[in-house]
Amino acid sequence: MSHAILLISCPDQKGITATVTDFIFQNQGNILHADQHIDEQGNTFFMRIEWSLEGFKLKREGIQPAFSVIAKSFNMTWKLSYSDQKTRAAIFVSKHLHCLYDLLYRHKTGQLDCDIALLLSNHPDAKGAAEDFGIKFAEFYIDRDNKITQEQKQVGLLKAEKIDLVILARYHQILTKPFVDQFPAQIINIHHSFLPAFAGSNPYLQAFQRGVKVIGATSHYVTEILDDGPIIAQETVGISHRDSLEDLKRKGEDLEKVVLSRAVRWHLERKILCYGNKTVVFD
């Protein structure tokens, strides 16, 4: 049976939780999950609530207009979705394919509930993976002279395929502002370091040269400012003087797979609320 999911943020005040839960109760809904958080510094209330639609008095088309009255009274920013509405995702990748294969395996085994409709790359390396998993593949060679034109073509393809989520699985291109603006809080990136640290194209070499004792990976939503978007998930692993550069790369790639898939899963389960440059994750 399908569930309805509400994500809510608004100025904190008395009666929000009681009003929202009473709305569901009065319409004979059964609450399955409910979580909330208050940012006291910003005086902001956040809530995720999920309920079964079995026996719910309101039809789907009637829930949004009915709840909008409540939302207006509390000055809410809110989003209503349903568990049976599958997100259509596109994965962007370059030559490092470990995150790609991890996502495809997790999707195939039912860990990521979405439709992966497209695989896009600026290199041909991932074409075989797309063929193996039966996913449409598109290659867009990009250089400094054609970047804007190629991005416009990419956006056109994403819109034609009705893509809801773009996953950057080690895609070695910086997306321009016009691209990012088309998909607000809908582009998830994996950064191969524990942000903010060791930015650039070869973080493991920098970390190795500095003799670090911990390395990490960070997944975040993409904004126009490179690697500065709201952070969704992070993880670290210990390093010792016995670890070689190859050990760092191997440990780092393992982290990248876990952290990216975790962020994607939370997004698909509608468990993330963005505010400012931060996230609330109802995990």
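The structure under discussion appears in the preceding block.
The notes below deal with the structure included here. (Residues numbered from 1 in each chain as written. Predicted model: local features only at pLDDT ≥ 70, side-chain atom pairs only at ≥ 80, totals over all residues. Heavy atoms only, no water.)

Observations concerning the overall build of the chain
So, step 1. When its secondary structure is counted, the chain shows 8 helices and 13 strands.
So, step 2. At 21 Å, the chain has a C-alpha radius of gyration in line with the 19 Å of a compact globule built from 283 residues.
So, step 3. Its C-alpha atoms put the chain at 60 × 40 × 35 Å along the principal axes.
So, step 4. Here the analysis covers contacts within the chain between residues at least 6 apart in sequence; of these, 67% occur between residues at least 24 apart.
So, step 5. Accessible surface, the chain: about 14,400 Å² in total, of which carbon and sulfur atoms supply 49%.
So, step 6. Between the mean site of the 33 positive side-chain charges and the mean site of the 34 negative ones, the chain shows a separation of 1 Å. (Helix = DSSP H or I, 4+ residues; strand = E, 2+ residues; numbered from the N terminus. Rg over C-alpha atoms; globule rule 2.2 N^0.38 Å. Contact = heavy atoms within 4.5 Å. Areas by Shrake-Rupley, 256 points an atom, 1.4 Å probe, with all protein chains shown as cover. Lys, Arg positive; Asp, Glu negative; His and termini not counted. Charge placed at Lys NZ, Arg CZ, Asp CG, Glu CD.)

Focus: the side chain of Q150
So, step 1. Along the polypeptide, Q150 turns up in helix α5 (residues 147-160).
So, step 2. Excluding its chain neighbours within four sequence positions, the residues that come into contact with Q150 are F140, Y141 and I142.

Structural notes on the pairing of strand β9 (residues 187-191)
So, step 1. A large share of β9 lies buried, amounting to 5 of its 5 residues.
So, step 2. Burial along β9 is two-sided: the residues I187, N189 and H191 and I188 and I190 are all buried.
So, step 3. Note that strand β8 (residues 165-168) and β9 share 3 bridges and pair parallel. Bridge pairing in β9 places I167 opposite I188. (Buried < 20%, exposed > 50% of the residue type's maximum accessible area, 1.4 Å probe, protein only. Pairing = 2+ DSSP bridges.)

Observations concerning the sheet that holds β9
So, step 1. The strand order across the open sheet formed by 7 strands is β7-β6-β5-β8-β9-β10-β11, and the pairing between neighbours is mixed. Across the chains shown, the open sheet's two edge strands, defined by having one partner strand only, are β7 (136-139) and β11 (231-238). Neighbour-to-neighbour, the strand axes of the sheet open up by a mean angle of 20°, direction not taken into account.
So, step 2. Sheet strands in contact with helix α8 (residues 245-268) are β5 (87-93), β6 (114-121), β8, β9, β10 (214-221) and β11, and its direction is about 155° off that of β11. (Axes fitted to C-alpha atoms, helices over the stretch in contact; angles between N-to-C directions.)

Quick look at the sheet that holds strand β2 (residues 30-39)
So, step 1. Spatially, 4 strands are ordered β2-β3-β1-β4 in an open sheet, and the strand pairing comes out antiparallel. Lying at the two open borders of the sheet, with one neighbouring strand each, are β2 and β4 (77-82). Here the average twist between neighbouring strands, direction ignored, is 10°.
So, step 2. Inspection of the sheet shows strand β1 (residues 3-11) paired to strand β3 (residues 44-52) by 9 bridges, in the antiparallel sense. Bridge pairing in β3 places H3 opposite S52.

What about the packing of aromatic side chains?
So, step 1. Counting across every chain of the model gives 7 aromatic pairs.
So, step 2. Aromatic pair W51 and F56: ring centres 5.7 Å apart, planes at 50°, arrangement tilted. Of the two residues examined, W51 and F56, each falls in the buried class.
So, step 3. Aromatic pair F67 and W78: ring centres 5.1 Å apart, planes at 65°, arrangement edge-to-face. Here W78 lies in strand β4 and F67 lies in helix α2 (residues 60-73), a separation of 11 residues in the sequence.
So, step 4. Put simply, the rings of F92, Y171, F179 and F183 pair up and form one aromatic cluster.
So, step 5. One residue, R60, lies across the ring of Y82, its end atom 4.5 Å from the ring centre.
So, step 6. The residue whose ring lies beneath K159 is F183, and the NZ or CZ to ring-centre distance is 4.7 Å. (Phe/Tyr/Trp six-rings, centres within 6.5 Å; stacked < 30°, edge-to-face > 60°. Lys NZ or Arg CZ within 6 Å of the ring centre and 35° of its normal.)

Notes on the side chain of N122
So, step 1. Residue placement: N122 occurs in the loop between β6 and α4 (127-133).
So, step 2. Of the residues examined, N122 reaches a relative accessible area of 6% and is grouped as buried.
So, step 3. In this structure the side chain of N122 is engaged in a polar contact, spanning 2.7 Å, whose partner is the side chain of S94.
So, step 4. The contact partners of N122, leaving out residues within four places of it in the chain, are V93, S94, E139, F140, Y141, Y171, H172 and Q173. (Polar contact = N/O pair within 3.5 Å; in protein donor to acceptor, adjacent residues only side chain to side chain.)

Geometric values such as these leave the question of function open.
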